[in-house]
Amino acid sequence: MANEAYPCPCDIGHRIEYGGLGHEVQVEHIKAYLTKSPVDAGKAVVVIQDIFGWQLPNTRYMADMIAGNGYTTIVPDFFVGQEPWHPSGDWSTFPEWLKTRNARKIDKEFDAVLKYLKQQCHAKRIGVVGFCWGGTAVHHLMLKHPELRAGVSVYGIIKDAEDVYGLKNPTLFIFAENDAVIPLEQVSLLTQKLKEHCKVEYQIKTFSGQTHGFVHRKREDCSPEDKPYIDEARRNLLEWLNKYV
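Computed from a predicted structure; not experimentally measured.

Glancing now at unusual backbone geometry. For Glu28, which is not glycine, the phi dihedral falls at a positive 50 degrees. Among the structural elements, Glu28 can be located in the loop between strand S1 (23–27) and strand S2 (30–35). Glu28 gets classed as partly exposed once you look at its relative accessible area, which sits at 49%. Positive phi is not limited to glycine here, since Val80 has a value of about 50 degrees. Within the secondary structure layout, Val80 lies in the loop between strand S4 (72–76) and helix H2 (94–99). Take Val80: its relative accessible area is 35%, and that puts it in the partly exposed class.

See the structure below:
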């Protein structure tokens, strides 16, 4: 995602070829991709898409990776049937496209997903992970839903307002040092404001030399220099969930 003064020139990076271990389900008025954990431990994670939508194989791959670590995972279509952004789209139209896909206005859909996880999947402990657009959504949800045990926001937009620092539960923020759309000044401000206002556990990690999308939209074999950072970020994500969910 971009900061609001600078629309997102978000490169899709490497769209991986991946079929998925889960299946699609209907959750009230939205579709979703669901993967059951091999071990039913009563834990679930909602995985929130980037601008390229809930069907992007990369996001499903991440959901399946999380599921393999003991969580039922679900990737809902938070665009509610609207078209995702296309990699060849005209970026001048992006701000208009984004108006009908506000990452901070997903509460109705999220409530439906929580209900589904509790009733259909018997989830008792729930966390949330989001990438890009979904990272923004995670930040929003962690301010509103005390029942979420943990959140991981991966390169999500930072909106500087007094009401975005009162996190309800532990939240991990992952950023890239060379992110063209999230300046390090914004990360520094977030760090400062959370230190002043936040009363729960949080962590902010910025990965050296990395770019927007590196955690889920770079192939692990893209370069020997990048692989350790991709692996570390994914490991940190899982460790955070394991610690708090």
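For the structure shown, the criterion picks out 13 aromatic pairs. Measuring from centroid to centroid gives 6.1 Å for Tyr155 and Phe214, while their planes differ by 55 degrees, and the two rings are tilted. Of this pair, Tyr155 sits in the loop between strand S6 (148–154) and strand S7 (171–176) while Phe214 is found in the loop between strand S8 (202–207) and helix H6 (227–244), placing the two residues 59 residues apart along the sequence. For Tyr155, a relative accessible area of 0% corresponds to the buried category. An aromatic cluster of three or more residues is present, and its members are Phe79, Trp85, Trp91, Phe94, Trp97 and Trp133. We note Arg60 situated over the ring of Trp54; from NZ or CZ to the ring centre the distance is 4.9 Å. Directly above the aromatic system of Phe79 lies the positively charged group of Arg101, at a separation of 5.9 Å from the ring centroid.

Per the counting criterion, the structure on display carries six salt bridges. Put simply, Arg60 and Glu24 hold a salt bridge, and the shortest N to O gap is 3.0 Å. One end of the pair, Arg60, is in helix H1 (residues 57–67); the other, Glu24, is in strand S1, with 36 residues separating them in the sequence. Assessed through its relative accessible area of 42%, Glu24 is described here as partly exposed.

This paragraph deals with helix H4 (residues 133–144). Spanning twelve residues, H4 covers 17 Å between terminal C-alpha atoms, matching the ideal 16 Å at 1.5 Å per step. With respect to burial, H4 is a largely interior element, eleven of its twelve residues being buried. Of the residues making up H4, those classed as buried are Trp133, Gly134, Gly135, Thr136, Ala137, Val138, His139, His140, Leu141, Met142 and Leu143.

Low-pLDDT portions of the prediction should not be read for the details of their coordinates. Taken residue by residue, the protein gives an average pLDDT of 91. The fraction at 70 or more is 91%. Across residues 1–9, where pLDDT falls below 50, the model places 32 contacts with residues more than four positions away in sequence or in other chains.

The rules behind the values
- Residues numbered from 1 in each chain as written.
- Predicted model: local features only at pLDDT ≥ 70, side-chain atom pairs only at ≥ 80, totals over all residues.
- Heavy atoms only, no water.
- Helix = DSSP H or I, 4+ residues; strand = E, 2+ residues; numbered from the N terminus.
- Buried < 20%, exposed > 50% of the residue type's maximum accessible area, 1.4 Å probe, protein only.
- Phe/Tyr/Trp six-rings, centres within 6.5 Å; stacked < 30°, edge-to-face > 60°.
- Lys NZ or Arg CZ within 6 Å of the ring centre and 35° of its normal.
- Salt bridge = Lys/Arg side-chain N within 4 Å of Asp/Glu carboxyl O.
- Expected span 1.5 Å × (residues − 1).
- pLDDT = per-residue confidence, 0-100.
- Contact = heavy atoms within 4.5 Å.

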